[in-house]
Amino acid sequence: MGESVKFLLSEDRMPRSWYNIAADLPAPPPPVLNPGTGQPIGPDDLAPLFPMALIGQEVSADRDIEIPDPVREIYRLWRPSPLYRARRLEALLDTPARIYYKYEGVSPTGSHKPNTAVAQAFYNKEEGTKRLSTETGAGQWGSSLAFAGGLFGLQVDVYMVRISFDQKPYRRALMETYGARCVASPSKETQSGRAILEKDPDSPGSLGIAISEAVEVAAGNDDTKYSLGSVLNHVLLHQTVIGQEAIAQMEMADDYPDVLIGCAGGGSNFAGLAFPFIGEKLRGGRGPRVIAVEPAACPTLTRGSYAYDFGDTAHLTPLVKMHTLGSTFVPAGIHAGGLRYHGMSPLVSHLKELGLIEAEVYHQLECFDAGVQFARAEGIVPAPEATHAVRSAIKEALACKEEGTARTILFNLSGHGNFDMQAYTDYFAGKLEDKAHDEAALGQALSELPQVAAE
Ligand SMILES: *Cc1c(COP(=O)(O)O)cnc(C)c1O
């Protein structure tokens, strides 16, 4: 028998609580502000949009937040998720590096997103919500919330970014299979959507626009709450099952990562893997280098401003301090739809400012190159988003080869690409282009950032 490539935890080692990094931070992140008054918002301001339990988690300072039994019961359908050592990829690259990946594609919808969708649906059901409205980029979040909402008997309305709606019809079919309603955004159903369509009838949409539509629907209907698949503190919190499991699995492998890597759209899968490791470091333990990877078409952490901004295009959300390209910035239509968001999670942004994490940026073609290399070595086709993490891990492994050092690399394979084969088809046909962000459009969007007196 050769050495192990797969590290599985027994069910009883699935985490019993989520890890809240706010408890260990040297300084708290800046407060969320009411755009009208410029003052910090309170729980009541968020009550039209979210159930109180999630608002409580959003501002909690407790380190460990217990996972309710009904949520753990559903997690057991796919958790603990496996951690692999990528021995065939190592051999292919002829690197002395040890490459591991945590695989979140084993969930029913094929990504990390059900980790929070199930929790959010649970708390909404408990507090009497009848319908959830949400946005989706590539369709992974929409299908995850459709799955979770279905389990708890909630109606789910999904506003799907137009370009993905057209590129990824199977994701839409998946949402409908779970019983959800899926609408292309910008749509004519909301004021926010109609305003965009008036200016640009062919708008490819963006997560910022779709969020406006979903928030508008929740704010205007008493029985409806809004649900977000990334960015917010409670979403990142729910994802920390990933990193907690990975810590135990690296122990099984008798190894420890020197470098941790995750792709970052709104920051949730990245944080889910990284925060439990960073927490150990903040509490005086060891800690790896941590790298967030983003697309050149939407380089939020690397090229954005760290400033107060709206989370959506129509400015219906509170103001959060984050790395942002400006809420009016519409990223080019790349296939990694889940990474096309103008902002970044305030917690991830804060860690970047504190120097606890780094950021890298890659173009889409080199990411697909890496994704194909990975698939041919390891058998799993990565989601276009996840190819960004693969690209960075391969770069790190090749640097090890160059230097003749054997570092341990752990990356999050946030999802599989089985619903993204059109993207791979386009890649093989030579139809994919590298799309960097438009510098003039970025300058324009940044010049429109809201003025905040408190800064
Ligand atoms: C949604 C998604 C992402 C990006 O979202 P984050 O909140 O940054 O994790 C990355 N990978 C996959 C597979 C996704 O579905």
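Preceding block: the structure.
Notes on the structure in this doc start here. Here the structure is a predicted model, which is why all the values come from computation and not from measurement.

Take the site of the ligand next. Inspection of the region around the ligand gives 18 residues, with Lys113, Ser230, Gly265, Ser268 and Asn269 positioned closest. Side-chain polar atom of Ser230 to an oxygen atom of the ligand: 2.5 Å apart, as the coordinates give it. Contact between the ligand and Ser268: an oxygen atom at 2.7 Å from a side-chain N or O atom of the residue. Broken down by class, the residue content of the shell around the ligand amounts to four nonpolar, 12 polar and two charged.

Moving on, we get to the pairing of strand β7 (residues 155–161). Counting buried positions over the seven residues of β7 gives six, a clear majority of the element. Viewed along the sheet, the connection from strand β6 (residues 131–136) through helix α6 (residues 140–151) into β7 turns out right-handed. Pairing of β7 with strand β8 (residues 181–185), which is carried by five bridges, proceeds in the parallel orientation. Each residue of the ladder has a partner; that of Tyr159, found in β8, is Val183.

Per the counting criterion, the structure on display carries 21 salt bridges. Residue Arg181 pairs with Asp157 through a salt bridge whose shortest N-O separation is 3.3 Å. Placement of the pair is Arg181 in strand β8 and Asp157 in strand β7, with a sequence separation of 24 residues. Notably, a salt bridge pairs Glu189 with Arg181, separated by 3.0 Å at the nearest N-O pair.

One can find Gln57 in helix α2 (residues 52–59). Once residues lying within four places of it in the same chain are set aside, the contact partners of Gln57 are Trp18, Ile65, Tyr123, His234, Leu237 and His238.

Along the chain, Arg340 falls in the loop between β13 (319–324) and α15 (346–353). Buried charge without a salt bridge: Arg340, with Glu385 as the nearest opposite-charge side chain at an N-O distance of 9.5 Å. A polar contact of 2.6 Å, which involves the side chain of Arg340, links it to the backbone oxygen of Pro331. Within the structure, Arg340 has its side chain in polar contact with the backbone oxygen of Ala332 (distance 2.9 Å). Beyond its immediate stretch of four places on either side in the chain, Arg340 contacts Val161, Ile163, Gly205, Ser206, Leu207, Cys298, Val330, Pro331, Ala332, Gly333 and Ile334.

Quick look at the sheet that holds β8 now. With respect to topology, four strands assemble into an open sheet ordered β8-β7-β6-β9, the strand pairing being parallel. Lying at the two open borders of the sheet, with one neighbouring strand each, are β8 and β9 (224–226). Each strand axis lies, on average, 25° off the axis of its neighbour in the sheet, ignoring direction. One ladder, built from six bridges, connects β6 with β7; its direction is parallel. Following the sheet pairing, Thr136 is matched in β7 by Met160.

With that settled, the discussion passes to the sheet that holds strand β10 (residues 259–263). Overall, mixed pairing links the seven strands, which are arranged β1-β4-β5-β15-β10-β11-β14 in an open sheet. Each end of this open sheet is capped by a strand with a single partner; those strands are β1 (6–7) and β14 (358–362). Its contacts with the sheet place helix α12 (residues 241–252) against β1, β4 (83–85), β5 (98–103) and β15 (408–413), and it is angled at close to 140° to β5. Contacting β10, β11 (289–295) and β15, helix α13 (residues 268–282) runs over the sheet at an angle of about 155° to β10.

So, about the nonpolar core. Core analysis: the biggest nonpolar cluster contains 65 residues, and Trp18, Phe275, Val348 and Leu410 have the highest contact counts within it. No other element matches the seven residues that α13 contributes to this core. In contact with Phe275, other than residues within four places in its own chain, are Tyr19, Ile21, Leu236, Thr240, Leu347, Val348 and Leu351. Counting residues in hydrophobic clusters, the runner-up holds 34 residues, among them Tyr101, Phe374, Ala383 and Ile394.

Right, let's get into the pairing of β11. Looking along a regular strand, one sees the side chains alternate between the two faces of the sheet. Most of β11 is tucked away: six of the seven residues are buried. Where β10 meets β11, five bridges bridge the pair, whose relative direction is parallel. Note that in β11 the partner of Ile261 across the bridge is Ile291. One crossover worth recording links β10 to the parallel β11 by way of α13, and it is right-handed. Across five bridges, the pairing between β11 and β14 is parallel. Across the sheet, Ala292 pairs through a bridge with Ala359, a residue of β14.

Rules used throughout
Residues numbered from 1 in each chain as written. Predicted model: local features only at pLDDT ≥ 70, side-chain atom pairs only at ≥ 80, totals over all residues. Heavy atoms only, no water. Near = heavy atom within 4 Å. Polar contact = N/O pair within 3.5 Å; in protein donor to acceptor, adjacent residues only side chain to side chain. Nonpolar A, V, L, I, M, F, W, Y, C, P; charged D, E, K, R; others polar. Buried < 20%, exposed > 50% of the residue type's maximum accessible area, 1.4 Å probe, protein only. Helix = DSSP H or I, 4+ residues; strand = E, 2+ residues; numbered from the N terminus. Right-handed = clockwise from strand over helix to strand, strands pointing away. Pairing = 2+ DSSP bridges. Salt bridge = Lys/Arg side-chain N within 4 Å of Asp/Glu carboxyl O. Contact = heavy atoms within 4.5 Å. Lys, Arg positive; Asp, Glu negative; His and termini not counted. Axes fitted to C-alpha atoms, helices over the stretch in contact; angles between N-to-C directions. Core = buried A, V, L, I, M, F, W, Y, C linked by side-chain atoms within 4.5 Å.

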